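Observations on the model geometry
What follows is the residue order along each chain.
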Amino acid sequence: AYNPLSSTLYLAGGDEFADPDLFLAVANYQLLGKNVVPVDIYKWEVAGCTLPNRILGCFMFAMSLPAAGASVVTPFTAPFNGVEQTFVVVGNYFEGDDKDQVPQHYEQDSYIYLVNYTTNTYAIHQGFRTSGVSSVNVFSHFSPSLGTTALYMAVANQRGFAGLE
């Protein structure tokens, strides 16, 4: 079984004619001692629930995103190419042998994926270096002087510079 470190519920999809759907993303850290395991995304299904005795619905597997020792998954929406799109940040914490933990095992590329929930596909939008990432938050800030809203991403690392070695 997977060893998940975090999960998050979020709304995505939908448009002016349809409500967004409910999704659950699970950051799987490890499977049978291996850290290269995916982040799994599940969609809440009412009519399509195939599990027995589920009257109100259930989460059904939708897709996986590549990961290496993922510790955090953070969805957010932002305009991209003139359209509001959904992105998922996968923070990769560790890849290597748990019995021989060296600083290099924590130096990982983490990724921002552009996700299409209609086709259950994704593309890497951006990569960024992390060092034992423990938290990722995406937020916006309106600047009255500029009259625009900017999007920011805060990343907390547990290792490396200003962290634990």
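None of the values given here were measured: they were computed from a predicted structure. Along each chain, numbering runs from 1 in the same order as the chain's sequence is written. Note on the predicted model: pLDDT of at least 70 is required for a residue's local features to be given, and 80 or more for side-chain atom pairs to be given and counted; whole-chain, interface and lining totals, by contrast, use all residues. Only hydrogens and water are removed before side-chain values are computed, so all heavy atoms of the structure are retained for them.

With that settled, consider the layout of surface pockets. Of the two site types, the cavity is a set of points on a 1 Å grid over the protein atoms alone where a 1.4 Å probe fits but cannot get out, and the pocket is an open set with protein on both sides within 12 Å along at least five of seven lines, each lined by residues with an atom within 4 Å of a point. Grid points are joined across faces, edges and corners, and a volume is the space filled by probe spheres set on the points. In this structure, the largest pocket encloses a volume near 350 Å³. Lining the largest pocket are 16 residues, and of these Ala12, Gly13, Gly14, Thr86 and Thr118 sit closest to its centre. Broken down by secondary-structure element, the contributors of at least two residues to the lining of the largest pocket are strand E2 (21-31), strand E6 (83-92) and strand E7 (107-116). Per-element accounting of the lining of the largest pocket gives the leading share, 3 residues, to E6. Amino acid classes used here: Ala, Val, Leu, Ile, Met, Phe, Trp, Tyr, Cys and Pro are nonpolar; Asp, Glu, Lys and Arg are charged; the rest, including Gly, are polar. Of the residues contributing to the lining of the largest pocket, the split by class is 4 nonpolar, 7 polar and 5 charged. Considering the residues around the second largest pocket, the lining is formed by 14 residues, among which Phe76, Ala78, Pro79, Phe87 and Leu151 are closest to the centre. Every helix listed is a DSSP run of H or I at least four residues long, and every strand listed is a run of E at least two residues long, numbered separately from the N terminus.

Our next topic: the pattern of salt bridges. Between Lys or Arg on one side and Asp or Glu on the other, a salt bridge is scored when a side-chain nitrogen of the former is within 4 Å of a carboxyl oxygen of the latter. Taken as a whole and judged by the stated rule, the model has 2 salt bridges. Residue Lys43 is joined to Asp21 by a salt bridge in which the shortest nitrogen-to-oxygen separation is 3.5 Å. Here the residue Lys43 occupies a position in strand E3 (residues 39-45), and Asp21 occupies one in strand E2, the gap between them amounting to 22 residues. On the basis of relative accessible area, Lys43 is assigned to the partly exposed category, the value being 23%. Think of it in three bands: with a 1.4 Å probe and only protein chains considered, a residue is buried below 20% of the maximum accessible area for its type, exposed above 50%, and partly exposed in between. With relative accessibility at 29%, the residue Asp21 sits in the partly exposed group. Linking Arg129 and Asp109 is a salt bridge whose minimum nitrogen-to-oxygen distance equals 3.1 Å. Here Arg129, found in strand E8 (residues 121-131), pairs with Asp109, found in strand E7; they are 20 residues apart in sequence, far enough to count as distant. With relative accessibility at 35%, the residue Asp109 sits in the partly exposed group.

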